[in-house]
Amino acid sequence: MSSSALLAGLMLVGTGCKSEKKSETGGDTAAKPAAPQELTIALLLPESKTMRYESFDRPYFEQKVRQLCSECKIIYSNADQDASKQQNQAEAALTNGAKVLVLDPVDSLSVVSVVARARQSKIPVVSYDRLILNADVDYYISFDNEKIGQLQGQALVDKLKADGKDKGTIVVINGSPTDNNAKLYKNGAHSVIDGSGLVIGAEYDTPDWSPDKAQQQMEQAITKLGKSAIAGVYAANDGMAGGAIAAMKAAGFNPLPPVTGQDSELAAIQRVVAGEQYMTIYKAMKMEAEAAAEVAVALARGGQPSADKVNGKVNNGMKDVPSILLTAGTVTKDNVKSTVVADGFWKAEQICEGAYKDACAAAQVQ
C-alpha cells in the first residue's frame, strides 16, 4: 500500500508579478523584484501523549510548507490535551498575524469562538484530522473515521470467528469523549460488532486517550468479568491497546486475546509482530500532513486547493464542510512488510531490534 500516489496533483493557486521601468537614458531595464511578503501559517495540534503528532504530523507538515513556500513562516503550538490552552494558542496565532489556522482540536466544540474570530478577520481555518463542530471552517482533512472503526471491528469479529469464539465476550475501550473522531470510530465499530454475536461485557470512554486510564479500565473489566471470560478487546488506538495489554499481562493472561489498535505506532507494530496485539490501523500521516500543508499554502496565498482533490463533504452541525478524506488500511503480522515497511513509515531494523529480532524473522519482516 503506497501513499505517495494519493497526493499527486494537489494543485495550488499562486500569484506572481513582473515589473519593468524606463531608465533615465530611455532604455528598458528590469526593476529589482520586491521581496515576497512573509506569510504566516499556524499549526495547532492537540496533544503529545499519542506519538504521531510530534513524530509525524508536525515534521511532515513543516517540511512540505518549506518545500512549497519560501516566504512562509510557521507558528507551531501543542496544547498538551488542554482545551483552554489551545484556545489561548489560537488567539495568540491570530494576534501574531497568522493568515491560515490549521487546527486539530482538543475539544471539537470548544474552539468555536476561535473559528468565529478568525472568520471575522477573514482568516481561513482548516480542520485537521479531527472535525471542528458547529463552526464555519473552510476545509476538513482527515481519514474516513467511521470506516476506520468498521475496519477495527471487522478485524476483531473475523479473528474471533476464525478462533471459534464468535459468541464470546469482549471489552470495548473507546477514545476521548471530547474528540469527535472517537465518536466516529465508536459508531463504526458498533456497526460491525452489534449483531455479530459477540457480547460486550464492559465498555469505556477514555479521557485524553490515556494509556494509563485504559490500563485501569482493563483492570476493572478483568475484575468484573474474570479473565477466562474475555475473548477479545476492542481498543480504539495503539496507546490504549498497550495499556490494556499491560493489564492483561499483569493478570496472567496466556495467551493474550486479540486486541485492536490504531496509528501503527512503533511499539504497536512490534507487539503485532510478536503476537501480543492482533492488528492496528495504518493511516499514512505523511499523506494527511502534506495535504494539509498544500491546502494551507494555497489559502495563505489567496488561492484554493484544486477542486478535484476535494473528494467529499462532511457535515459538522453548521455546514457541509468541503473535505479531503483519505484511505486507511489494516495491519496484521501477515502484512507488516508490505504496508508500514514498504511505505517507509518504519524501517525493518527499527521494528526488529533487540527482543523482536526472532519474531520479525518468523513474520518475514526483514
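Residues numbered from 1 in each chain as written. Predicted model: local features only at pLDDT ≥ 70, side-chain atom pairs only at ≥ 80, totals over all residues. Heavy atoms only, no water.

**A word on the pattern of salt bridges**
Should their charged atoms come close, side chains of opposite charge can pair.
Point 1. Overall, the coordinates contain 20 salt bridges when judged by the stated rule.
Point 2. Taking the shortest distance from any N to any O, the salt bridge between Asp138 and Arg119 comes out at 2.8 Å. Taken as a pair, Asp138 in the loop between β6 (125-128) and β7 (139-143) and Arg119 in helix α3 (residues 112-120) lie far apart in primary sequence, 19 residues in all.
Point 3. Residue classification places Asp138 among the buried positions, given a relative accessible area of 18%.
Point 4. Judged by relative accessible area, Arg119 falls into the partly exposed class, the value being 31%.
Point 5. Several salt bridges converge on common partners, so that one network encompasses Glu47, Asp104, Arg130 and Asp179. (Salt bridge = Lys/Arg side-chain N within 4 Å of Asp/Glu carboxyl O. Helix = DSSP H or I, 4+ residues; strand = E, 2+ residues; numbered from the N terminus. Buried < 20%, exposed > 50% of the residue type's maximum accessible area, 1.4 Å probe, protein only.)

**Some points on the environment of Thr327**
Point 1. With respect to the helices and strands, the residue Thr327 is situated in the loop between β13 (320-326) and β14 (329-331).
Point 2. Given the relative accessible area of 55%, Thr327 is considered exposed.
Point 3. The residues contacting Thr327, other than those within four sequence positions of it, are Phe143 and Met287. (Contact = heavy atoms within 4.5 Å.)

**Remarks on the packing of helix α2 (residues 83-95) against α3**
Point 1. Packing of α2 against α3 leaves a shortest axis separation of 10 Å and a crossing angle of 10°. Here α2 lies roughly parallel to α3, going by the angle between them. Only Ser113, Val114, Arg117 and Ala118 of α3 make contact with α2, whose side of the interface consists of Gln87, Ala90, Glu91, Leu94 and Thr95.
Point 2. The class makeup of the residues in the contact of α2 with α3 is four nonpolar, three polar and two charged. (Axes fitted to C-alpha atoms, helices over the stretch in contact; angles between N-to-C directions. Parallel < 35°, antiparallel > 145°, perpendicular 65-115°, else oblique. Nonpolar A, V, L, I, M, F, W, Y, C, P; charged D, E, K, R; others polar.)

**A word on the UniProt feature "domain: Periplasmic binding protein" (unreviewed entry) in the protein chain**
Point 1. Under the UniProt annotation, the feature "domain: Periplasmic binding protein" (unreviewed entry) is placed at residues 42-303.
Point 2. Between the end C-alpha atoms of residues 42-303 the distance is 17 Å, and the span holds 47% helix and 18% strand. (UniProt positions renumbered as here; feature names shortened; annotations may be inferred.)

**Some words on the sheet that holds strand β9 (residues 199-205)**
Point 1. Read from one edge of the open sheet, three strands run β9-β8-β10, paired in parallel fashion. Either end of the sheet is taken by a strand with one partner, and the two such strands are β9 and β10 (230-235). Along the sheet, successive strands turn relative to each other by an average axial angle of 15°, direction set aside.
Point 2. Bridging between strand β8 (residues 169-174) and β10 involves five bridges; their strand directions are parallel. Following the sheet pairing, Val171 is matched in β10 by Val233.
Point 3. Lying over the sheet, helix α5 (residues 180-193) contacts β8, β9 and β10, oriented at roughly 180° with respect to β9. (Pairing = 2+ DSSP bridges.)

**Some remarks on the packing of aromatic side chains**
Point 1. Scanning all chains against the criterion turns up six aromatic pairs.
Point 2. Cluster of aromatic residues (ring-pair linked, three or more members): Phe56, Tyr60, Tyr282, Phe345 and Trp346. (Phe/Tyr/Trp six-rings, centres within 6.5 Å; stacked < 30°, edge-to-face > 60°.)

**Remarks on the confidence of the model for the protein chain**
Point 1. Here the protein chain averages 91 in pLDDT, and 90% of its residues register 70 or above.
Point 2. Ignoring residues within four places in sequence, the model shows residues 1-29, a span with pLDDT below 50, making 43 contacts including any to other chains. (pLDDT = per-residue confidence, 0-100.)

**Some remarks on helix α7 (residues 238-250)**
Each α-helix winds once per 3.6 residues, and so residues spaced three or four apart point in a common direction.
Point 1. Between the first and last C-alpha of α7 there are 18 Å, a value that for 13 residues agrees with the 18 Å anticipated at 1.5 Å per step.
Point 2. Taken residue by residue, α7 has Asp238, Gly239, Met240, Ala241, Gly242, Gly243, Ala244, Ile245, Ala247 and Met248 as its buried positions.
Point 3. In the core, the buried residues of α7 are packed alongside β8, α6 (211-225), β10, α8 (266-274) and β11 (280-282).
Point 4. Two or three places before Gly239, at the start of α7, stands the capping residue Asn237, its side-chain oxygen 3.4 Å from that residue's backbone nitrogen.
Point 5. Within two residues after α7, Gly252 carries a phi angle of roughly 90°, on the positive side. (Expected span 1.5 Å × (residues − 1). Polar contact = N/O pair within 3.5 Å; in protein donor to acceptor, adjacent residues only side chain to side chain.)

**Points about unusual backbone geometry**
Point 1. Of note, the bond from Asn254 into Pro255 is cis; its omega dihedral lies within 30 degrees of zero at 5°.
Point 2. By the secondary structure assignment, Pro255 is in the loop between α7 and α8.
Point 3. For Asp208, which is not glycine, the phi torsion reads 65° and is therefore positive.
Point 4. Tracing the backbone shows Asp208 in the loop between β9 and α6.
Point 5. In this structure Asp208 comes out as partly exposed when scored by relative accessible area, which is 26%.
Point 6. Phi at Ser264 is positive, roughly 55°, even though this residue is not glycine.

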